[in-house]
Every structure is written in structure tokens, then in C-alpha cells.
Amino acid sequence: MEIGIYTFADITPDPHTGKAVSTEQRFAEIVAAARLADAVGLDVFGLGEHHRADIAIASPAVVTAAIATVTSRIRLTSAVTILSTLDPVRVFQDFATVDLLSGGRAEIIAGRGAFLESFPLFGYALADYDALFSEKLDLLLKLNASERVTWEGRFRPPLDNAEISPRPVQKELPVWLGVGGNPESALRAGVLGLPMILANISKPPATFADQFGAYRKAGLDAGHDPARLTSGVATHLHVHEDAGTARDGFYPYYSAYFSHHAPKTSYLAAVPREEYDRRIAPAGPVFVGSPQQIVDKIGYEKELFGHQRFLGQVDIGGLPYAEVARVIELLGNKVLPAVRGL
């Protein structure tokens, strides 16, 4: 089992002090968190893409390039790249550049994103939501596979034997498909033979067990090597040596994250304590507790899904960096050794 962390770089006032760090400080803390994750042996560090003032990373590739120069072994990925509203040629070039800077550690998680602000920002219609993603994913995979590409679609000018450079250190960039629970997205990943990662922050994990099975079956039916059909889970995480301290100490930050950033019309906009307790229960989607409780919950989901990667979002809601660093150290020193053989 691979263990990693990811961030959206939310700018949230600390619920205890009412103060938020600057965007400049937030970026500095993210780079520091990546360096620490690398040092304690975590496997993956991911950065999400958003286009709004309260969530700071608009270009994961730029921040990842900075991280590449101060880390040595940890794999670096987007989490996710909103492929529907980007040019796949530029996406490939950006992450190939990260791969070159990092010595072959770059990945892409391609997805459609939970927020929709990039569609009007870049001039795309929501009516084309799925068609945009399907077409651009097709192009990205062709760019990844070949140095010269001829291609034609609806949403960008065609390519005629276009030279695609630079090329990454890796033969191909690993491209994961990020899914949010839509069964069709899981099937698409299987048919294409792409690794899949499920983001689940609110629903009982057992809800999605059939999708992981359908993903693998679709991949095998399409003739893909079983070794290519890897999968993962991403969710919120907080760990403390004391389970009660983890549970009670994290709730104000968890609640603040949703209050400040979720759409006000969304069921996620407010999280009462009873809902939080449901989510962090042993069969719930959110990982909060002692190191052993985190280990046990990873094992529980491993039995459900048979996945190979777990990613935790640990720095939400204005949680002070000192606490974020302590969580990263516990993940590397206590959780990772216990789940490595799963």
C-alpha cells in the first residue's frame, strides 16, 4: 500500500483565532510539507487545481516544479488536473517538464473537478461537460504515447504530425483518472486501462465497493494487463497519538473548511458534529483517530476495494502548519510501516 498526502491550499481563517495566513505563506508551508513528506518516506504528494481566491493553487504544475527541486524521491502528482477546461498539449508539456526536473517522479490525476468556476473563466460551456473531458483525455493519452501526433476533435484546432516536446524521463507519464463516485467514470477508467482514484469525503465506503469490481472487470474485458489496473482512495485525514484529541481537536478545522469553501447550496456546506462523528466512524469515509485507528481503517477499505494507494488531505480549515507537520510525521513513522505490506 502506498501512502501519500494532497492539498488544495485552502485559505481559511483559523477557527480559534479568526486569522488566515497569506497566500505567500500558504505556498511556503506547502513546499515545507512536501519536503517533510519526502523525508519521512511517504510515497506521493498531490496538489489540486482551483480557480478562486479562497483556494490558492491555480497551476499545480508550477507549484509541483518548485517542490521537485527540494525533494528527492516522493512522487509528485496533480490532484486533480481539471482537464475539461485546459489544453491537453500544455498539460502534457507542463508535467513532462516536472518529470524532467524531478528525475522521473511526475504523475497526472485527470478529472472534471468538483467546482465549476474554470468553465466560464476559460470560455467553455457546462453543457459540454462530459464531451470536453472525453475528447481532451483522448488527446492527452495520444500525446503521452507518441512524439508526433495527428489528431482532430471538436474543441481545439487539429494536430497534423505535430512534434510534442519536451518528452518526460519516464517512457510515459502515469495518468490516473480521478473519479467522484460516478459508476460511468470508473468504467471509463477500466476500458482505457488507466489507474483510478476515488475521492470520497462523505459517503460510506461500502457504497463504492461494486465500482472497484466493475472497474477491474471492464479493464480485463478490454484486454488490459491486470498490473495496469491499479486504484486508490483519497479523503480527509487527521491523526494524533491520542484518539480523543484527534477527534475533538480536528472538528473545528474540518467544519470551518466546509463552511468557508463548499457551495452554500450544497449538502456539504455545513457539517454538524453528529455528521462529522458519522463520517469518522470505523465504517465512515473520513480518517480521523490514532495511528492504529488509521491503520485499521486503511485495512478495512483495502478489503472492500483491493486498492494500492491511499491519499489523505491533511491541511484543511486553517490547521496550523505545526499540526500539519506532526500529522505528516505520524503518517510516515507510525502508519506507513504498518500498512506497507497490505
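Residues numbered from 1 in each chain as written. Predicted model: local features only at pLDDT ≥ 70, side-chain atom pairs only at ≥ 80, totals over all residues. Heavy atoms only, no water.

Caption draft 1: Main features of the pattern of salt bridges. Applying the stated criterion across every chain yields a total of 23 salt bridges. With its nearest N and O atoms 2.6 Å apart, the salt bridge here joins Asp138 to Lys142. Of this pair, Asp138 and Lys142 both sit in helix H5 (residues 129-145), 4 residues apart, roughly one helical turn. The partly exposed category is assigned to Asp138, whose relative accessible area is 31%. Residue Lys142 is classed as partly exposed on the basis of its relative accessible area of 36%. (Salt bridge = Lys/Arg side-chain N within 4 Å of Asp/Glu carboxyl O. Helix = DSSP H or I, 4+ residues; strand = E, 2+ residues; numbered from the N terminus. Buried < 20%, exposed > 50% of the residue type's maximum accessible area, 1.4 Å probe, protein only.)

Caption draft 2: Seen up close, helix H7 (residues 209-221). When the terminal C-alpha atoms of H7 are compared, their 19 Å separation across 13 residues agrees well with the 18 Å that a helix rising 1.5 Å per residue should span. Regarding H7, the residues found buried are Gln211, Phe212, Tyr215, Ala218 and Gly219. For H7, the arc enclosing every buried residue in end-on projection is 125 degrees, short of the 170-degree limit, so these residues lie on one face. Exposed residues on H7 whose side chains face more than 90 degrees from its buried face are Asp210, Lys217 and Asp221. The positive-phi residue at the C-terminal boundary of H7 is Gly223, with phi of around 90 degrees. (Expected span 1.5 Å × (residues − 1). Arc of directions from axis to C-beta.)

Caption draft 3: Summary view of unusual backbone geometry. The omega angle of the peptide bond from Ala79 to Val80 is 10 degrees, so this bond is cis rather than trans. Turning to its location among the elements, Val80 is positioned in the loop between strand E3 (75-78) and strand E4 (81-82). In this structure, Pro166 follows Ser165 across a cis peptide bond, with omega equal to 0 degrees. On the secondary structure map, Pro166 appears in the loop between strand E7 (159-163) and strand E8 (175-179). Positive phi is not limited to glycine here, since Ala9 has a value of about 60 degrees. Position of Ala9 among the secondary structure elements: in the loop between strand E1 (2-7) and helix H1 (23-39).

Caption draft 4: Structural detail: the nonpolar core. In this structure, Leu42, Phe45, Leu237, Ile298, Ile328 and Leu331 are the most contacted members of the largest nonpolar core, which totals 66 residues. Not counting residues up to four positions away in its chain, the partners in contact with Ile328 are Ile5, Ala33, Leu36, Ala37, Val40 and Leu42. Counting residues in hydrophobic clusters, the runner-up holds 38 residues, among them Leu86, Val91, Phe133 and Leu173. (Core = buried A, V, L, I, M, F, W, Y, C linked by side-chain atoms within 4.5 Å. Contact = heavy atoms within 4.5 Å.)

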